[in-house]
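Take a look at the letters that make up each chain.
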Amino acid sequence: MTPQRVPLLASLVVLLAAACTTATDHDGAAPTTGAAPGAAAATATATPAAPTSGAPVEGSWRATYGWAVPATPARVTHQVRVPVTPGEPLPVLVEVGVGDHPAEGFSRITFAFRGPTPSYQVGYVPQVVTEGRGAPVELPGTAFLSVRFDPAQAHDARGASTADVPPPRIGYPTLRGWAAAGDFEGHLSFGLGLRPPAGGTLPVRLGESTRPDGTHVVAVDVRRG
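What counts, and where the lines are drawn
- Residues numbered from 1 in each chain as written.
- Predicted model: local features only at pLDDT ≥ 70, side-chain atom pairs only at ≥ 80, totals over all residues.
- Heavy atoms only, no water.
- Helix = DSSP H or I, 4+ residues; strand = E, 2+ residues; numbered from the N terminus.
- Contact = heavy atoms within 4.5 Å.
- Core = buried A, V, L, I, M, F, W, Y, C linked by side-chain atoms within 4.5 Å.
- Buried < 20%, exposed > 50% of the residue type's maximum accessible area, 1.4 Å probe, protein only.
- Pairing = 2+ DSSP bridges.
- Axes fitted to C-alpha atoms, helices over the stretch in contact; angles between N-to-C directions.
- Salt bridge = Lys/Arg side-chain N within 4 Å of Asp/Glu carboxyl O.

Novice: Would you take a moment to explain the side chain of Ser119 for this structure?
Specialist: Along the chain, Ser119 falls in strand 6 (residues 119–125). For Ser119, the contacting residues outside a window of four places in its chain are Arg75, Val76, Thr77, His78, Arg148, Phe149 and Asp150.

Take a look at the structure:
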């Protein structure tokens, strides 16, 4: 199949969701009742690993990287067999969601995929740039996280966006905004704009869950202070 390059940034940010102040529940995804139909088996390993802490989690949610500062990118690897299905060669992004959890001390952004969970990598960068072209991505805040998925895509066979997304300006205490950074040859990228209360960086946590419909969710949690 010929790789397809799509201007994901332009197509995603125009789809404004009605609300972005709360998550659907504690985990950002409901408890699992089964695996995704046709999903490939996957195993995950995180590098580097850090102890997890904080409130207990429910349902299928599990931490894959816990409350540390990823000065070097934290990567969680899943073995994904492609094509996933004859009509969708890669895991497909279907939703970006945000939620604030003030009682638990963090804010969350989630990325939901149809098909198996792709590998992902999260780390602090001086500036988020687009895949392929390397153009700067505008984000609010003073610290920036790069979030990358592979193999994954956020467009269909016609090049149209497949994801429902919230407004790019989030406006939580430290998680201020997000932006798409590319959908190129199986690499799907985003940037997060953070505003730590005293500058510098904030601890983050990564996690995964599975919804009853088989959608696989990757969560990025950011400390609120």
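Novice: Quick question: what am I supposed to make of the nonpolar core here?
Specialist: The nonpolar side chains of a soluble globular protein tend to be buried with one another. In terms of nonpolar packing, the biggest core is built from 36 residues, with Leu93, Ile109, Phe111, Phe149, Phe190 and Leu192 touching the most fellow members. Contacts of Phe111, omitting those with residues within four sequence positions, involve Leu93, Glu95, Val96, Val147, Phe149, Phe190, His216, Val217, Val218 and Val220. Val128, Val137, Leu139 and Ala181 belong to the second-largest nonpolar core, a separate cluster that totals 6 residues.

Novice: Please explain the pairing of strand 6 as it appears in this structure.
Specialist: Sheet faces and side chains relate simply in a regular strand, where the side chains alternate between the two faces. Across the 7 residues that make up strand 6, a large majority, 5, are buried. Sheet topology note: the strand 3 (residues 74–78)/strand 6 ladder contains 3 bridges and is antiparallel. When the sheet's bridge partners are listed, Arg75 is paired in strand 6 with Gln121. Pairing analysis gives 7 bridges linking strand 6 to strand 7 (residues 143–150), with the strands arranged antiparallel. Across the sheet, the residue bridging to Val125 is Phe144, located in strand 7.

Novice: Can you help me understand the sheet that holds strand 11 (residues 216–223) in this one?
Specialist: Strand pairing in a sheet takes place through backbone hydrogen bonds and is either antiparallel or parallel in direction. Spatially, 2-10-11-5-4 is the arrangement adopted by the 5 strands of the open sheet, whose pairing is antiparallel. Only two strands of the sheet have a single neighbouring strand rather than two, namely strand 2 (62–68) and strand 4 (92–101). Looking at each pair of strands side by side, their axes are set apart by 15° on average, direction ignored. With 9 bridges connecting them, strand 4 and strand 5 (residues 106–114) associate as antiparallel partners. Paired with Val96 across the two strands is Phe111, which belongs to strand 5.

Novice: When you look at the pattern of salt bridges in this model, what are you seeing that I'm missing?
Specialist: Opposite charge on two side chains permits them to pair, given that their charged atoms come into close proximity. Tallied over the full model, the rule gives 9 salt bridges. Across the salt bridge formed by Asp150 and Arg75, the nearest N and O atoms sit 3.2 Å from each other. Linking Asp150 in strand 7 with Arg75 in strand 3, this pair joins segments that are 75 residues apart in sequence. For Arg75, a relative accessible area of 25% translates into the label partly exposed. When the shortest N-O distance is used, the salt bridge between Glu131 and Arg148 registers 2.9 Å. Note that Glu131 is positioned in the loop between strand 6 and strand 7 and Arg148 in strand 7, a separation of 17 residues in sequence. Ionic contacts of the salt-bridge type, sharing partners, join the residues Arg108, Arg205 and Asp221 into one network.

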